[in-house]
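# Structural overview for review
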Amino acid sequence: MAAAVSAARNGASVTLLERYAYLGGLASGGMVLVLDDFTDGAEITVGGIAQEMVERLEAIGLAVYPPVADRSLSEEMWRRWSRWGLFDLYAKGSMKAIVYAVAFDPDGWKRVSNYLLEEEGVNVRLHSLYTSPIMEGDAITGVICATKKGPQAIRGEVVIDASGDADVAAGAGASYISGSYMVTTVFRLGNVDTSSADRFERERPAECHEINRAARRILGGSWALWWLKTPLPGVVWCNCPHMSGFDGISPEDLTEADRQGRKRIAGLVEYVRGHYPGFEKAVVVDVAPQIGVRQSRLIEGDYVVSKHDVVNRLHFSDSVARGRGYYTPYRAMLPKGVEQLLVAGRHYSATAEAQRLSREIPPCMAMGEAAGVAAVEALERGVSPRQVDAAAIQRRLREQGADPGDVPSPRAQPAPAEAQPARGTLAAR
Ligand SMILES: Cc1cc2nc3c(=O)[nH]c(=O)nc-3n(C[C@H](O)[C@H](O)[C@H](O)COP(=O)(O)OP(=O)(O)OC[C@H]3O[C@@H](n4cnc5c(N)ncnc54)[C@H](O)[C@@H]3O)c2cc1C
């Protein structure tokens, strides 16, 4: 969505293909309902279309985030915001700093996505499953989709693969690695009296801790706070269970994970109705229509981001997107071996360990926004995306309110010369 909006705003004619009946991917269909990695603690690191989504969701009452005055490490703020999940995920200790992160509603996300794409005149085609590329030599010139009406071909001068699983890049012959991480059947419970649950936690912490432990055991793996509040009263978000050993692109594995997930959820509901004050009348509102796959294929691009790069906040001169404290070089969006193709999102060029630390929704959207701009630069200059000057992408991104990470934060370190783009690899402007 971010890639399509960004390319259209810069003047391109854009077709967006989506296999499901709605837009948003994991954020809406996977019901991943907190936007993390918007900040490095000191400054907001993601702007642009991701931030615009927040503003539009907030305007319809479907986004919640802590005001600036509440963003701190204190018992009072922890009590106020922890059950919204709006804290520094990576901080150590049981009490963490409250930061700028956003809880939102999945249906609101789908609706706002529709508005944005309609406003920009993007040709949206849902129910269109990409199946194979159209190639001319090593350049991609379009894709074939499976639809109810049979196969359909869509031509494009530049293709952006935002499938999360590198479906297009892999099909086009780009190199990739097969990553994997736990998968989750995310769900929501309704009819929850969150005030009673809060009071129980505050007044009988030891007992509450034991009940939460038992609940997590039934789930078979979860974050410590297995339920979080949502913008809808009485509806809580459960970003669990954690299930390991499944391949996120195998139909057999995904079928089995879905079966196991639903079984665990049913067990959990039975337990909390009988034991957890506030959950006596809880019901399952929904299990996310798509299973939560955190990692599958990861492309091998012109640069492969490492865990060292992410953890040490290495800054690249061709940075086009930022996350928590890390920077994404444009080269990590250029799959090796295929021309006219860009990738954006969780399948970008990173090691499996690095991707686990750098795949949150806002930075994925920042990559999408950068890919849209890069595609237009390539079209306007009549060059391949690989030859686009990163400085031109950075300039345009700044102009449209995004933060490409061209200006390193005081806490960043310059990447060593061997990790920077080689002189002359990007076309001189
Ligand atoms: C359970 C879980 C919990 C998470 N928790 C958080 C969190 O709390 N906060 C956070 O910020 N991030 C979290 N993440 C990470 C984050 O949700 C993802 O990394 C991010 O949403 C990925 O976005 P994406 O656009 O790259 O991919 P996706 O969201 O996977 O989007 C890919 C899109 O492409 C479509 N598509 C795929 N294949 C095809 C095809 N062949 N043809 C047509 N369309 C196709 C999909 O349907 C989808 O719309 C979590 C992830 C999971 C799974």
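Heads up: the structure comes first, above all this text.
About the thresholds
Residues numbered from 1 in each chain as written. Predicted model: local features only at pLDDT ≥ 70, side-chain atom pairs only at ≥ 80, totals over all residues. Pairing = 2+ DSSP bridges. Helix = DSSP H or I, 4+ residues; strand = E, 2+ residues; numbered from the N terminus. Core = buried A, V, L, I, M, F, W, Y, C linked by C-beta atoms within 7 Å. Buried ≥ 20, exposed ≤ 12 C-beta atoms within 10 Å, placed from the backbone. Domains from an automatic or database assignment. Contact = placed C-beta atoms within 7 Å. Near = placed C-beta within 6 Å. Nonpolar A, V, L, I, M, F, W, Y, C, P; charged D, E, K, R; others polar. Axes fitted to C-alpha atoms, helices over the stretch in contact; angles between N-to-C directions. Left-handed = near helix turned anticlockwise from the far one by under 90°.

### A word on the sheet that holds strand β12 (residues 187-190)
One open sheet holds the four strands; their spatial order is β13-β14-β12-β15, and the pairing between them is antiparallel. In this open sheet, the two edge strands, each paired with only one partner strand, are β13 (228-229) and β15 (283-287). Summarising the sheet, β12 and strand β14 (residues 236-238) pair through three bridges and their orientation is antiparallel. Within β14, the position partnered with Leu 189 by the bridge is Val 236.

### Focus: the nonpolar core
Residues Ala 169 and Leu 342 are the most contacted members of the largest nonpolar core, which totals 122 residues. Looking at this core element by element, the count peaks at 12 residues for helix α11 (residues 361-381). Each of two domains, domain 1 (2-20 + 112-180 + 296-419) and domain 2 (182-293), supplies a minimum of three residues to this core. Look past the residues within four positions of Leu 342 in its chain and what remains in contact with it is Val 158, Ile 160, Met 333, Leu 334, Ala 371, Ala 374, Ala 375 and Pro 385. If you look at the next biggest cluster of nonpolar residues, it comprises six residues, including Val 183, Phe 246, Ile 291 and Val 293.

### With respect to the environment of Phe 104
The topology assignment puts Phe 104 in strand β4 (residues 102-104). Phe 104 gets classed as buried once you count the C-beta atoms within 10 Å, which come to 25. Sequence spacing of Phe 104 and Val 64 is 40 residues, and the spatial spacing of their C-alpha atoms is 6.4 Å. With residues near it in sequence (within four places) discarded, Phe 104 still touches Leu 33, Leu 35, Leu 57, Leu 62, Ala 63, Trp 109 and Pro 231.

### Side note on the pairing of β12
Relative to β15, β12 runs antiparallel, the two being bridged by four bridges. Paired with Gly 190 across the bridge in β15 is Val 283.

### As for the environment of Ala 12
Relative to the helices and strands, Ala 12 is located in the loop between α1 (2-9) and β1 (15-17). Here the alpha-carbon distance between Ala 12 and Thr 147, two residues 135 residues apart in the chain, equals 25 Å. Beyond its immediate sequence surroundings of up to four residues, Ala 12 is in contact with Ala 7, Ala 375, Val 376 and Leu 379.

### A closer look at the site of the ligand
In the neighbourhood of the ligand, 32 residues make up the surrounding shell, with Gly 25, Gly 164, Gly 292, Gly 345 and Glu 360 lying closest. Residue assignment for the shell around the ligand shows that the elements contributing at least two residues are β2 (34-35), β6 (129-136), β16 (292-293) and α11. In terms of residue class, the shell around the ligand is made up of 14 nonpolar, eight polar and 10 charged.

### Considering the packing of α1 against α11
Across the interface, α1 lies against α11 with an axial gap of 7 Å and an inter-helix angle of 35°. Viewed along their axes, α1 and α11 form a crossing whose handedness is right-handed. Mapping the contact onto sequence places Ala 2, Ala 3, Ala 4, Val 5, Ser 6 and Ala 7 in α1 and Met 365, Gly 368, Glu 369, Ala 371, Gly 372, Val 373, Ala 375 and Val 376 in α11. Counted by class, the contact of α1 with α11 contains 10 nonpolar, three polar and one charged residues.

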